[in-house]
Amino acid sequence: IATMVVKMYAIRREGEHEVLHLWCAHREEIALCTHCGSLSTEVHQEEHRCIRHLDVWGKKTFLHFLSRRFKCEDCGRTFAEELPFVDSHRRQSTDFEMHVYQACLTSTRKAVAIAEGLSQSTVKEIFNFYAAMKNTSVTSIISHSVRVLGIDELSIKKRHKQFVLVLSDIDRKCILAVLADRDKKTLENWIKALSYQEKRSIRFVSIDMWAPYYQAARKKLPHAKVVVDRFHVMKQLNTRLTQLRTKYQKESTPELQKVLKGSRWILVRNRTELSAAQADHLDKILKMCPDLRTLYLLKEEFRTIFEKIRCREKAARFLDAWILKAKLTGNKYLSKFVATFKNWREEILNYFIERITNGFVEGLNNGLRTMTRTAYGYRNFVNFKLRALAQFAFSR
């Protein structure tokens, strides 16, 4: 224990458990004045203090020592001695509080409280105290150098349609901020609060096809390129493919209905990821459904363009040719996708500049959903925000 010497110990039974008490004495009889920085040896006041420490020998452990106030010989003012192992007015050592904080990142507050013999309110206070400190330091470390800003929403109360907005640094793979809603104005206010240098450092903004995000980025970060996530584009195309499959299934013969049953994932997955049996099943479907075959082949061609081409100009030519082929089919489902593509053409093509995606953001959302399930949901947005930032924010 820094600056302390253990002079005596005792083991006492409290209820069903044994508790270890350590009586400590200060190594030095001097302290540094918090007002003028001079060394002081005159003890002005002493009082007994007891704090919870990390377990020793598997037993709940308490430290007993004298809390001292000194009187400075130079400036004449009194001051409380600063101790390296416990902050002032805290009832637990810094090491023990950090242990509780780390435990809360992988478990519920209730479980941590039971394991450590604390009240849930104490665990909550410790976690929020250190989470707030970490979030303050994280903001100062990384906010000035974000190059790729990821924007996506997350539902924390689906039945109540309560969405939060998660902003992330895609390069560093960490959360930057969690906003209380996904409104355009909320996002604009967050960007507006950034300094000029922080705004200029953002070169790309990665979004799904949600217009308010695009409008906020264009208004507040006009120099940055907006990139529509390629996986959301593919999701739109797969949705049209699924709609056509559903139409076939409703209007076809019993034999074809049997073949189409349970085939959704076979149709939307990449051909290269199918097993031999799944590939045979797919070939049978495409042979029996000409329109479905046309749309499926166009879907695979569209995916190949995104996987193989590295140049924005070349990608533009290939995608424009693909759009022409899609129009010539006369398929109404493809027509809907073509309309969506045209609305977001420039932002989709920006993907080919550095091949930026929202893949990390989607993975982050899965982690946040797991965190929410572990806690059995969050009724308080502030608690959710603190936990999310503590678990997924940047750490050196």
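Okay, so let's go over this structure. Computed from a predicted structure; not experimentally measured.

### Regarding the pairing of strand β10 (residues 174–179)
Phase 1 of the analysis: Counting buried positions along β10 yields six of six residues, so the element is predominantly enclosed.
Phase 2 of the analysis: As defined by bridge partners, strand β9 (residues 162–169) adjoins β10 across five bridges and the pair is classed as antiparallel. Within β10, the residue paired with Leu165 across the bridge is Leu179.
Phase 3 of the analysis: Linking β9 back to β10 in an antiparallel pair, the connection comprises four residues, with Lys173 at a positive phi of about 60°.

### Here's the deal with the sheet that holds strand β8 (residues 148–157)
Phase 1 of the analysis: Ordered in space as β10-β9-β8-β11-β12, the five strands form an open sheet in which the pairing is mixed. Since the sheet does not close on itself, it has two edges, and those belong to β10 and β12 (225–228), each with one partner. Put simply, the sheet's adjacent strands are angled 30° from each other on average, direction ignored.
Phase 2 of the analysis: Two strands pair when backbone bridges link them, and β8 and β9 are joined in this way by eight bridges, in the antiparallel orientation. Its bridge partner lying in β9, Ile151 is registered against Leu167.
Phase 3 of the analysis: Against the sheet, helix α16 (residues 359–374) makes contact with β8, β9 and β10, and its axis sits at roughly 30° relative to β8, the strand it touches most.

### Observations concerning unusual backbone geometry
Phase 1 of the analysis: Positive phi is not limited to glycine here, since His89 has a value of about 65°.
Phase 2 of the analysis: Its location among the elements puts His89 in the loop between β7 (78–80) and α1 (94–104).
Phase 3 of the analysis: Accessibility expressed as a relative area gives 79% for His89, which makes it exposed.
Phase 4 of the analysis: In this structure, Lys173 takes a positive phi of about 60° despite not being glycine.

### A look at helix α2 (residues 109–116)
Phase 1 of the analysis: Within the sequence span of α2, burial applies to Val112, Ala113 and Glu116. The arc that holds the buried residues of α2, viewed along the axis, is 100°, so those residues lie on one side. Within α2, the exposed residues directed more than 90 degrees away from the buried face are Lys110, Ile114 and Ala115.
Phase 2 of the analysis: At the C-terminal side of α2, Gly117 shows a positive phi close to 70°.

### Considering the pattern of salt bridges
Phase 1 of the analysis: Under the defined criterion, the tally for this structure stands at 23 salt bridges.
Phase 2 of the analysis: Across the pair Glu300 and Arg303 runs a salt bridge whose closest N-O atoms are separated by 2.6 Å. Within this pair, Glu300 and its partner Arg303 are both found in helix α11 (residues 290–308), separated by three residues, close to a single helical turn.
Phase 3 of the analysis: Lys325 serves as the salt-bridge partner of Glu301, at 2.9 Å between the closest nitrogen and oxygen. Taken as a pair, Glu301 in helix α11 and Lys325 in helix α12 (residues 312–329) lie far apart in primary sequence, 24 residues in all.
Phase 4 of the analysis: On the basis of relative accessible area, Glu301 is assigned to the partly exposed category, the value being 28%.
Phase 5 of the analysis: Accessibility expressed as a relative area gives 40% for Lys325, which makes it partly exposed.
Phase 6 of the analysis: The network of salt bridges with common partners includes Arg147, Asp171, Arg203 and Glu354.

### Overview of the packing of aromatic side chains
Phase 1 of the analysis: Following the criterion strictly, the structure yields 16 aromatic pairs and no others.
Phase 2 of the analysis: For the ring pair Tyr214 and Trp344, a centre distance of 5.7 Å and an interplane angle of 85° mean the geometry is edge-to-face. Here Tyr214, found in helix α6 (residues 211–220), pairs with Trp344, found in the loop between α13 (332–343) and α14 (345–349); they are 130 residues apart in sequence, far enough to count as distant.
Phase 3 of the analysis: Assessed through its relative accessible area of 25%, Tyr214 is described here as partly exposed.
Phase 4 of the analysis: The rings of Phe302, Phe306, Trp322, Phe337, Phe341, Tyr351 and Phe352 are connected pair by pair, giving a single aromatic cluster.
Phase 5 of the analysis: Cation over ring: Arg182 sits above Trp210, and NZ or CZ is 4.4 Å from the ring centre.

### Notes on a nonpolar patch on the surface
Phase 1 of the analysis: Among the surface-exposed residues, Tyr9, Ile11 and Trp57 lie close enough to one another that they form a single nonpolar patch of about 370 Å² accessible area.
Phase 2 of the analysis: Inspection of the secondary structure puts Trp57 in the loop between β5 (42–56) and β6 (59–71).

### Section: helix α17 (residues 381–392)
Phase 1 of the analysis: Its 12 residues place the ends of α17 16 Å apart at the C-alpha level, agreeing with the 16 Å of an ideal helix rising 1.5 Å per residue.
Phase 2 of the analysis: Burial of α17 is extensive: nine of the 12 residues sit out of reach of the surface.
Phase 3 of the analysis: When we look at burial in α17, the residues that qualify are Phe381, Asn383, Phe384, Leu386, Arg387, Ala388, Leu389, Ala390 and Phe392.
Phase 4 of the analysis: Measuring from the backbone nitrogen of Val382 back to the side-chain oxygen at the start of α17 gives 2.8 Å, which picks out Asn380 as the cap.

Conventions we followed
Residues numbered from 1 in each chain as written. Predicted model: local features only at pLDDT ≥ 70, side-chain atom pairs only at ≥ 80, totals over all residues. Heavy atoms only, no water. Buried < 20%, exposed > 50% of the residue type's maximum accessible area, 1.4 Å probe, protein only. Helix = DSSP H or I, 4+ residues; strand = E, 2+ residues; numbered from the N terminus. Pairing = 2+ DSSP bridges. Axes fitted to C-alpha atoms, helices over the stretch in contact; angles between N-to-C directions. Contact = heavy atoms within 4.5 Å. Arc of directions from axis to C-beta. Salt bridge = Lys/Arg side-chain N within 4 Å of Asp/Glu carboxyl O. Phe/Tyr/Trp six-rings, centres within 6.5 Å; stacked < 30°, edge-to-face > 60°. Lys NZ or Arg CZ within 6 Å of the ring centre and 35° of its normal. Patch = residues over 30% accessible without salt bridge, like charges linked within 9 Å, V, L, I, M, F, W, Y side chains within 5 Å. Areas by Shrake-Rupley, 256 points an atom, 1.4 Å probe, with all protein chains shown as cover. Expected span 1.5 Å × (residues − 1). Polar contact = N/O pair within 3.5 Å; in protein donor to acceptor, adjacent residues only side chain to side chain.

Distances and angles like these do not, on their own, reveal function.
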